[in-house]
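Close look at the chain arrangement
Below, each chain spelled out in residue letters.
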Amino acid sequence: TAHASAERESRNMVDSAGGACPDRQVTLSVVVPCHNEEACLPLFLSAAAQAVREIIAAYPGTTAELVLVDDGSTDGTAVLLRRAAAGDDGRAAFPFVVRWLSLSRNFGKEGALLAGLDAAQGDVVAVMDADLQDPPSLLPRMFTMLADDPTLDCVATRRTTRAGEPPVRSMCAHMFYRLMNAMSPVVVPDGARDFRMMRRRVVDALTSLTERNRFSKGLYAWVGFHTAWIDYPNTRRAAGRSSWNFFALVRYAIEGLISCSTVPLAVASYIGLLLCVVAFGATCFIAVRAAMFGDPVAGWPSLACIITFIGGLQLMCLGIIGRYLANTYLESKRRPNYIVRDGNINVRDAGNTRF
Ligand code: UDP
Ligand code: MG
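Please read all numbers here as calculations on a predicted model, not as lab measurements.

Looking at the overall build of the protein chain
Counting secondary structure elements, the protein chain contains 11 helices and eight strands. Evaluated residue by residue, the protein chain yields a buried proportion of 32% over its 355 residues. Pairs at least 24 residues apart make up 85% of the contacts formed inside the protein chain by residues separated by at least 6 positions.

Looking at the UniProt feature "transmembrane region" (unreviewed entry) in the protein chain
Feature annotation in UniProt assigns "transmembrane region" (unreviewed entry) to the following positions: residues 267-288 and 300-326. Along residues 267-288, the helical share is 100% and the strand share 0%, with 32 Å between the first and last C-alpha atoms. Secondary structure across residues 300-326 comprises 100% helix and 0% strand; the distance between its end C-alpha atoms is 38 Å.

Comments concerning the sheet that holds strand 1 (residues 28-34)
One open sheet holds the eight strands; their spatial order is 7-5-6-4-1-2-3-8, and the pairing between them is mixed. Edge strands, defined here as strands with exactly one partner in the open sheet, are strand 7 (227-232) and strand 8 (340-343). Neighbouring strand axes in the sheet, compared pairwise and without regard to direction, differ in orientation by 20 degrees on average. Of the strands in this sheet, strand 1, strand 2 (64-70) and strand 3 (97-103) touch helix 3 (residues 77-86), which is tilted by about 155 degrees from strand 3. In this fold helix 7 (residues 200-208) packs onto strand 4 (124-127), strand 5 (154-159) and strand 6 (192-199), with an angle of close to 120 degrees to the strand it touches most, strand 6.

Let's talk about the packing of helix 2 (residues 41-58) against helix 5 (residues 139-148)
Viewed as axis vectors pointing N to C, helix 2 and helix 5 meet at an angle of 35 degrees, and their least axial separation amounts to 8 Å. In this structure, helix 2 crosses over helix 5, and the sense of that crossing is right-handed. Here A51, E54, I55 and A58 of helix 2 lie close against helix 5, whose contacting residues are L139, P140, F143 and T144.

Overview of helix 10 (residues 263-293)
Here helix 10 is 31 residues long and its end C-alpha atoms lie 44 Å apart, about the 45 Å a rise of 1.5 Å per residue gives. Summarising burial for helix 10: zero of the 31 residues are buried, a small minority. Of the residues flanking the end of helix 10, it is G294, one or two places downstream, whose phi is positive at about 80 degrees.

Concerning helix 3
For helix 3, the complete set of buried residues consists of T77, A78, L80, L81 and A84. For helix 3, the buried positions fall inside an angular range of 160 degrees around the axis, keeping them on one side. Looking at helix 3, the residues exposed on the side facing more than 90 degrees away from the buried face are V79 and A86. For helix 3, the elements touching its buried residues are strand 1, helix 2, strand 2 and strand 3. Looking one or two residues past helix 3, G87 carries a phi angle of roughly 75 degrees, positive in sign.

Focus: the pairing of strand 5
In the sheet, strand 5 pairs with strand 6 via four bridges, with the strands oriented antiparallel. Its bridge partner lying in strand 6, A156 is registered against R196. Bridge count for strand 5 against strand 7 is six bridges, and the pairing is parallel. Directly across from C154, in strand 7, lies its bridge partner T227.

What about the environment of L139?
By secondary structure assignment, the location of L139 is in helix 5. Between the C-alpha atom of L139 and that of F195, which follows or precedes it by 56 residues, the distance is 9.8 Å. With near-sequence residues (within four places) excluded, L139 lies in contact with A51, I55 and A126.

Criteria and thresholds
- Residues numbered from 1 in each chain as written.
- Chains lettered and ligands numbered in written order.
- Predicted model: local features only at pLDDT ≥ 70, side-chain atom pairs only at ≥ 80, totals over all residues.
- Helix = DSSP H or I, 4+ residues; strand = E, 2+ residues; numbered from the N terminus.
- Buried ≥ 20, exposed ≤ 12 C-beta atoms within 10 Å, placed from the backbone.
- Contact = placed C-beta atoms within 7 Å.
- UniProt positions renumbered as here; feature names shortened; annotations may be inferred.
- Pairing = 2+ DSSP bridges.
- Axes fitted to C-alpha atoms, helices over the stretch in contact; angles between N-to-C directions.
- Left-handed = near helix turned anticlockwise from the far one by under 90°.
- Expected span 1.5 Å × (residues − 1).
- Arc of directions from axis to C-beta.

Right, dumping it as structure tokens:
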């Protein structure tokens, strides 16, 4: 029957999920980093429950878990997670097990995401935001794509529009992707979201990368694997507000560039070389002119301009080198990307080797 074949399909997916533990019970994990999301969480939980119910209906035998990571929230997020895990939020029973972690402070989205990936046990793992900007209604489609195509390792999403976002932010984002893709050996599509569903082998590859400065979009591209893309228009946050301000995004962009590419270092040396050539040309020109027409006094303004220009360039290049040096310093300390304070998951058991 269709039912039985769907169930077999689901088991096949488990079998082909590469590297899965034989005693693994969970087919699907949904990992969600949450920072001050008390306004969005109830909406998210019911939307996710709806999506997971659809998946279980299509693939009976699927077991699901929700891994919620409270990234040092200062509002009622932790209380909500605890309540959801205890199942006493007054709603119909969830179609998934709710597992949660509270980090010891705000480690940033990347840290929270990694904590969730370390803790996730599923053969297939989805990562998404809690604010419903990543529509949970896409989950069934993503799951089906993975189930139907054993050659596919990963289903990722990108947004086709940035409606509802300040134009300056969109412009900077476009510029960032163009720069990023010109500089790094791997391509991150413009508009790529951190919303994706991956097989276990991809998750294992991601969690085996031990760097402290994590730029997920770059890491997804770097680990490779066969990825299919789903496009969807941008949606606004369901409630609450974005934890990112403009400067945080600029910092994120610079960190991303530096973690994915060493091209800025090369650019620094090219600028140096170019200036040497220009200086040599100028010297010849001035020498010849002095020999042929005498040497009129040129005045100090042009000299002052050149000196400040060169000084600025030197400092900028030193700054670029400094960023790489600082990164090397931070990496060499080998501190963990996150510290767990509380939760109903024992991260050590979940295969986390970071502690
Ligand atoms: N987030 C997090 N730690 C942070 C900032 C954000 O875990 O320090 C989570 C947040 O709860 C949300 C996701 O990351 O689930 C995306 O954050 P947000 O919506 O603020 O970012 P935006 O969509 O504006 O890029
Ligand atoms: Mg958001």
